[in-house]
Amino acid sequence: MERKRIVFGGTGVTSVKAYGKIKFPFTELKPTKTNEKYSPELEKKRFETAVKSTIKSTKALAQRARETIGENEAQIFEIHAMLLEDEDFLDSVYLEIEKGKSAEDSVLESGEKYSYILRSLGDEYLSARATDIKDVCYGIIDTLSAKTEKNIQEDEQYILVANDLTPTETVKLDKSKILGFATFEGTPSSHTAILARAMAIPAVVGIGKIPKEFDGMYAILDGIKGRLIINPSENEVLELENERKREEKIVKEHERYLRSIMHRPAVTESGQKVLIYANIGDIDEVDGALSNGAEGIGLLRSEFMYLARESEPSEDALFKIYKEIAIKMQGKRVVIRTLDIGADKQISYLPLEKEENPALGLRGVRLCLDRKELFKSQIRAILKASAFGRVSIMIPMISTKKEVLECKELIEKSKKELLMAGINFDSKIEIGIMIETPASAIISDILAREVDFFSVGTNDLTQYTYAIDRQNSRVSRIGDESHEAIMRLIKFSADAIHEAGGWIGVCGEMAADLSLTQDFVDIGIDELSVSVPYLLGVRGKVSSCK
Ligand code: PEP
Ligand code: MG
């Protein structure tokens, strides 16, 4: 018997389609409210412990999103971690607990109250944030009730259908199992939708409630028109298949072309060469960088290795990793950035004092110059590794000449110590600084005389130039919409370092923005450093620049 074709309309989030069985794997997590009496003191303690642990797991999730999707997406979870520290929210939960409710019920009650307020403000953006509140609350409740992740046991790939997905659930989706997802609720500007786009998962939101009896039926998920077509016609399925084959062919041809030029220098049509380097956070990314044609490592974010570990890595542990990276890169340049913590990057075993404005506080080189022993062990580890390859030191968050001089003095001191101890190192090791503050760009002519190279951290340079908190997705679009101020600062810095005989790279996210590649070429940027998935694309783009 022919099954009836039914179409559910919503809003497409990604312009991709999928075909497969639909599944409803999630059951709504809602703790049942009880009338029991609880000890407020005990419940408060349980709540506090759960919040601490949820902050930790949320930060780990941010890290995972940062590594697998991107910085903007990681910020979603960083914001969740901030919500978990929001005093108004915490106070509202305490108030509920004092009324004699369990910690779970109190979190749920406060979450519902906040979500309701956000939804009722009549603003689409704020309304979409209600899901974030829900995500944060469910995270705490999961921790309180020691629930483990909801794992979906499915052998075949399927289209996931759910009431709504929280950002946490979205980022944890197993892409090998999920063909796409459709949610009854949700808006295209929700973080869930943003994540789906970044993860290139076909998705449609806001399709309205679908009865459970459709579970297991075949459907087309059309992310372009924003539809879920249950029991599509044979023709529709055939057309989808043909479309997919045509697209696959185009994508494969482009990739084949990019792979064919992977080991050729990236040279523009007018003969200008640009080095294509990789940004990495740990040694496990080196193979991927090399197999995607990286000519060097332009940014090793050494703090990621600190963040991924339970305790502070010793000088020797750092040396061993750096040495291994230097050897693996076989003489290709490896730019190791000294620790850049503070602001959004916090390490539990290196507690920092609470600051009113952490992004303007003791971060990056400021912290390292404040804790010289911490700084010196990094410098020594980098120097020792320089005997095994072409290693450079790079200092983040520079804003004055004095900072550069102090760093150079410490490097010299460390060199002397190694010399005395008979330990090998590259005596001519390159020293570079990051241009991440407007101040460093403005005095780049002065700084250029002190160092061998500059690398522009456009993420922070954008934040500090436009005065937009890089954690705050409500203002981040200001930086996306206009790059003129940043480009002027980069050009000024490029001219300054070239005049002094040095080189300049760009290692912030803008380096991977192909709409800016021609501008970087025009400015005379010598190197673009991007995360591994962007290496081929950037190389291809440079080759087609004028
Ligand atoms: C930058 O600020 O652009 C940069 C590369 O450093 P991070 O993103 O690690 O702050
Ligand atoms: Mg930075």
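The rules behind these values
Residues numbered from 1 in each chain as written. Chains lettered and ligands numbered in written order. Predicted model: local features only at pLDDT ≥ 70, side-chain atom pairs only at ≥ 80, totals over all residues. Heavy atoms only, no water. Donors = N, O, S within 2.8 Å, 3.2 Å for Na, K, Ca; no water. Helix = DSSP H or I, 4+ residues; strand = E, 2+ residues; numbered from the N terminus. Buried < 20%, exposed > 50% of the residue type's maximum accessible area, 1.4 Å probe, protein only. Axes fitted to C-alpha atoms, helices over the stretch in contact; angles between N-to-C directions. Parallel < 35°, antiparallel > 145°, perpendicular 65-115°, else oblique. Left-handed = near helix turned anticlockwise from the far one by under 90°. Contact = heavy atoms within 4.5 Å. Nonpolar A, V, L, I, M, F, W, Y, C, P; charged D, E, K, R; others polar. Near = heavy atom within 4 Å. Polar contact = N/O pair within 3.5 Å; in protein donor to acceptor, adjacent residues only side chain to side chain. Areas by Shrake-Rupley, 256 points an atom, 1.4 Å probe, with all protein chains shown as cover. Pairing = 2+ DSSP bridges. Domains from an automatic or database assignment. Buried area = accessible area lost by both parts, 1.4 Å probe. Salt bridge = Lys/Arg side-chain N within 4 Å of Asp/Glu carboxyl O. Expected span 1.5 Å × (residues − 1). Phe/Tyr/Trp six-rings, centres within 6.5 Å; stacked < 30°, edge-to-face > 60°. Lys NZ or Arg CZ within 6 Å of the ring centre and 35° of its normal.

### Remarks on the coordination of the magnesium ion (ligand 2)
Glu436 (OE) and Asp460 (OD) make up the full set of protein donors to the magnesium ion (ligand 2), lying at 2.0 Å. Pair noted here: glutamate 436 is in the loop between strand S14 (430-435) and helix H16 (438-442) and aspartate 460 is in helix H18 (residues 458-466), with a separation of 24 residues, a long-range link. Across the pair, aspartate 460 and glutamate 436 agree in class, each one buried.

### Describing the packing of helix H14 (residues 372-385) against helix H15 (residues 401-420)
Following both chains from N to C, one finds H14 and H15 inclined at 60°, their axes separated by 10 Å at the closest point. In terms of orientation, H14 and H15 fall into the oblique class. Regarding H14 and H15, the two cross each other, and that crossing is right-handed. Note on element contacts: H15 touches H14 through Glu406, Cys407, Leu410, Ile411, Ser414, Lys415, Glu417 and Leu418, opposite Lys372, Phe375, Lys376, Ile379, Arg380, Leu383 and Lys384. Considering only residue class, the contact of H14 with H15 consists of seven nonpolar, one polar and seven charged.

### As for the site of ligand 1
Arg301, Arg337, Gly457, Asn459 and Arg470 are the nearest of the 15 residues found near ligand 1. A distance of 2.8 Å separates an oxygen atom of ligand 1 from a polar side-chain atom of arginine 337. Separating an oxygen atom of ligand 1 from a backbone N or O atom of threonine 458 is a distance of 3.1 Å. In isolation ligand 1 exposes 290 Å². Once the protein is present, 99% of that is buried. For the shell around ligand 1, the secondary-structure elements that each account for two or more residues are strand S11 (296-301) and H18.

### Comments concerning the sheet that holds strand S2 (residues 11-12)
What the eight strands build is an open sheet, ordered S1-S8-S7-S3-S4-S5-S6-S2; its pairing is mixed. The sheet terminates laterally at strand S1 (6-9) and S2, the two strands that pair on one side only. Contacts from helix H9 (residues 234-260) reach strand S3 (17-23), strand S7 (218-222) and strand S8 (227-230), with the element oriented near 130° to S3.

### What to know about the domain arrangement of the protein
Considered domain by domain, the protein is made up of domain 1 (6-28 + 151-241), domain 2 (40-144) and domain 3 (260-543). Relative placement of domain 1 and domain 2: their C-alpha centres are 26 Å apart. Taking both partners together, domain 1 and domain 2 bury about 1,600 Å²; carbon and sulfur atoms supply 62% of that area. Where domain 1 touches domain 2, the interface holds one residue pair in polar contact (both at pLDDT 80 or more). Of all the secondary-structure elements, those providing two or more residues to the side of domain 1 that touches domain 2 are helix H7 (167-171) and helix H8 (191-198). Per-element accounting of the side of domain 1 that touches domain 2 gives the leading share, five residues, to H8. Across the side of domain 1 that touches domain 2, the residue classes tally to eight nonpolar, eight polar and three charged.

### Notes on the pattern of salt bridges
Using the criterion set out here, one finds 31 salt bridges in the structure. Residue glutamate 43 pairs with arginine 46 through a salt bridge whose shortest N-O separation is 2.8 Å. Of this pair, glutamate 43 and arginine 46 both sit in helix H1 (residues 40-68), separated by three residues, roughly a single helical turn. For glutamate 109, the salt bridge goes to lysine 101, with nearest N and O atoms at 3.8 Å. Residue class for glutamate 109 comes out partly exposed when judged on its relative accessible area of 26%. Of the residues examined, lysine 101 reaches a relative accessible area of 26% and is grouped as partly exposed. Sharing partners across several salt bridges, the network here consists of Glu303, Arg337, Asp340, Arg363 and Asp460.

### Details of H9
Taking 1.5 Å per residue as the helical rise, H9 with its 27 residues ought to reach 39 Å, and the 39 Å between its terminal C-alpha atoms agrees with that figure. Listing the buried residues of H9 in full gives Glu236, Leu240 and Leu258. Elements that come into contact with the buried residues of H9 comprise S3, S7, S8 and helix H22 (535-543).

### Observations regarding the side chain of threonine 517
In this fold, threonine 517 is placed in helix H21 (residues 517-523). Classification of threonine 517 as buried rests on a relative accessible area of 0%. Here leucine 514 takes part through its backbone oxygen, which lies 3.2 Å from a polar atom of the side chain of threonine 517. Sequence-distant contacts of threonine 517, defined by excluding residues within four places in its chain, comprise Leu528, Lys541, Val542 and Cys545.

### Details of the packing of aromatic side chains
One pass over the structure, following the stated rule, counts seven aromatic pairs. Judged by centre distance (4.5 Å) and plane angle (10°), the rings of phenylalanine 453 and tryptophan 503 are stacked. With phenylalanine 453 in strand S15 (residues 453-456) and tryptophan 503 in strand S16 (residues 503-506), this pair connects stretches of sequence that are 50 residues apart. With respect to burial, phenylalanine 453 and tryptophan 503 carry one shared label: buried. Residue placement shows lysine 323 over the ring face of phenylalanine 388; its charged tip is 4.7 Å from the ring centre.

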